[in-house]
Amino acid sequence: MNKEYISYILIVLMIIENAFTQPIISENAIDYWTPEKMLNAKPLHLPGIKNKTINNSEKANLFASEDENENPLLAVGLFFFTLGGGDYACTASVINTQDGNTGMTAKHCLYSNGAHSVNMIFCPGYNKGNTSYLGKISVTDARWADGGDYGVIKFDYDGGLQYKTGSFGWGLTPSYPVRIATFGYPVDGDVDCTQDGDTLCIWRGDADQQNHANISVPLVLGHGSSGGPWVMANDPSNPKNLGHVIGITAFIEKSHTYSYILNFTLIRELITW
């Protein structure tokens, strides 16, 4: 075993050792989130400064949609939580795991400025201000690690939520640039859709690698999109082919939105509940 590979393993183990676990959050989260509180929850601020928007000629080359097919997308939804005394919402998704009850969102939706999120629920298939037939799902655990703005959450659902919603695959590293779909619930930004924080918006275009840590897309996805999955090989004509997550909406800078490059070795450790 060469020295470079041994050094890589030691770095991964150090990151995993520093991973933070937030166990049982609230026994009454379902009751806490009344329809009124869900309506009044604020989309969590997407870190970064929006210095400019892309112009209309650039927007013409970007495809966005609210309703790509007649079948509701259940693997993406709104993630509601209380953080620092305020009620907020982010985007989250269901990923394919052995336990069937695991999702992903942004780390800053789980922990920020020394505060941990509580009263966490996930509403799969939330769209246009309405929950799907699955309603509100309690989130009982959250985990993340330093070095990237993403984390995993655990759902409390008998039999495994992914068997009802479908799920995104993960673990594949693409060549860049790569065609992707992004999902989120923005209240502003550059996606041409209903920006009310209650409507699922989908953008399709190319993501490119910026450096060893980040990939980006050439538009501002908007506040409320935090935690939304960036998915390659997503087929809008085939709801069963959801594709693979390669990124999570993390921050904005100038006219781009960024995701950290996912460390799949770390994610495998984080989901071993």
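Residues numbered from 1 in each chain as written. Predicted model: local features only at pLDDT ≥ 70, side-chain atom pairs only at ≥ 80, totals over all residues. Heavy atoms only, no water.

Trainee: Please provide a residue-by-residue account of the pairing of strand β7 (residues 102-105), values included.
Mentor: Of the two faces of β7, the one lined by Thr102 and Met104 and the one lined by Gly103 and Thr105 are each fully buried. Where strand β6 (residues 86-95) and β7 come together, 3 bridges link them in antiparallel fashion. The residue bridging Ile95 from the neighbouring strand is Thr102, located in β7. Counted along the chain from β6 to the antiparallel partner β7, the turn is 6 residues long, and its residue Gly100 has a positive phi close to 75°. (Buried < 20%, exposed > 50% of the residue type's maximum accessible area, 1.4 Å probe, protein only. Helix = DSSP H or I, 4+ residues; strand = E, 2+ residues; numbered from the N terminus. Pairing = 2+ DSSP bridges.)

Trainee: Can you tell me about the environment of Gly160, naming the residues and giving the values?
Mentor: When you line up the elements, Gly160 lands in the loop between β12 (151-155) and α5 (162-165). Taking the relative accessible area as the measure of exposure, Gly160 reaches 3% and is therefore buried.

Trainee: Break down the pattern of salt bridges for me, with residues and values.
Mentor: This structure, assessed with the given rule, holds 4 salt bridges. Asp141 is the partner of Arg143 in a salt bridge, and the nearest nitrogen-oxygen pair spans 3.8 Å. Assessed through its relative accessible area of 10%, Asp141 is described here as buried. Between Asp206 and Arg179 there is a salt bridge, with its nearest N and O atoms 3.8 Å apart. One end of the pair, Asp206, is in strand β15 (residues 201-209); the other, Arg179, is in strand β14 (residues 178-184), with 27 residues separating them in the sequence. According to the relative accessible area criterion, Asp206 is partly exposed, its value standing at 41%. (Salt bridge = Lys/Arg side-chain N within 4 Å of Asp/Glu carboxyl O.)

Trainee: Pulling in residues and values, what's your account of the confidence of the model for the protein?
Mentor: Mean pLDDT over the protein: 86, with 82% of residues reaching 70 or higher. Low pLDDT (under 50) marks residues 3-18, which in the prediction has 9 contacts with non-local residues, meaning those over four places away or in another chain. (pLDDT = per-residue confidence, 0-100. Contact = heavy atoms within 4.5 Å.)

Trainee: Mind laying out the state of the cysteines, listing which residues take part and the relevant values?
Mentor: Think of a disulfide as a covalent bridge from one cysteine sulfur atom to another cysteine sulfur atom. In total, this model carries 2 disulfides according to the counting rule given. For the protein, the bonded cysteines pair up as 1-2, 3-4 when numbered in the order they occur along the sequence. (Disulfide = S-S within 2.5 Å.)

Trainee: A description of the pairing of strand β10 (residues 118-124) should follow, citing residues and the corresponding values.
Mentor: A regular strand carries its side chains on alternate faces of the sheet. Among the 7 residues in β10, 6 count as buried, and that is most of the element. Pairing analysis gives 5 bridges linking strand β5 (residues 76-83) to β10, with the strands arranged antiparallel. Bridging across to β10, Phe79 finds its partner in Phe122. The sheet contact formed by β10 and strand β11 (residues 137-144) spans 2 bridges and is antiparallel. Across the sheet, residue Phe122 finds its bridge partner in β11, namely Ile137.

Trainee: I'd love a proper account of the environment of Tyr258, names of residues and values included.
Mentor: Relative to the helices and strands, Tyr258 resides in strand β20 (residues 256-260). Given the relative accessible area of 11%, Tyr258 is considered buried. Taking the C-alpha atoms as reference points, Tyr258 and Val217, separated by 41 residues in sequence, lie 6.6 Å from one another.

Trainee: Before we move on, can you summarise the packing of aromatic side chains with the specific residues and values?
Mentor: For the structure on display, the rule yields 12 aromatic pairs. With a centroid separation of 5.4 Å and 85° between ring planes, the pair formed by Tyr32 and Trp33 is classed as edge-to-face. Judged by its relative accessible area of 22%, Tyr32 falls in the partly exposed class. Summarising the aromatic geometry, the rings of Trp33 and Phe80 are spaced 5.2 Å apart at their centres and angled 45° between planes, so their arrangement reads as tilted. Of this pair, Trp33 sits in the loop between α2 (29-32) and α3 (35-40) while Phe80 sits in strand β5, placing them 47 residues apart in sequence. Each member of the pair, Trp33 as well as Phe80, carries the same accessibility label: buried. (Phe/Tyr/Trp six-rings, centres within 6.5 Å; stacked < 30°, edge-to-face > 60°.)

Trainee: Before we move on, could you go through unusual backbone geometry and cite the residues and values that matter?
Mentor: Geometrically, the link from Tyr176 to Pro177 is a cis peptide bond, its omega value of 0° lying close to zero. Following the sequence through the fold, Pro177 ends up in the loop between β13 (169-170) and β14. A positive phi angle, close to 60°, is found at Ala233, a residue other than glycine. Mapped onto the elements, Ala233 comes out in the loop between β17 (229-232) and β18 (244-248). The phi torsion at Lys254 lies on the positive side, around 55°, for a residue other than glycine. On the secondary structure map, Lys254 appears in the loop between β19 (251-253) and β20. By relative accessible area, which is 51% here, Lys254 ends up exposed.

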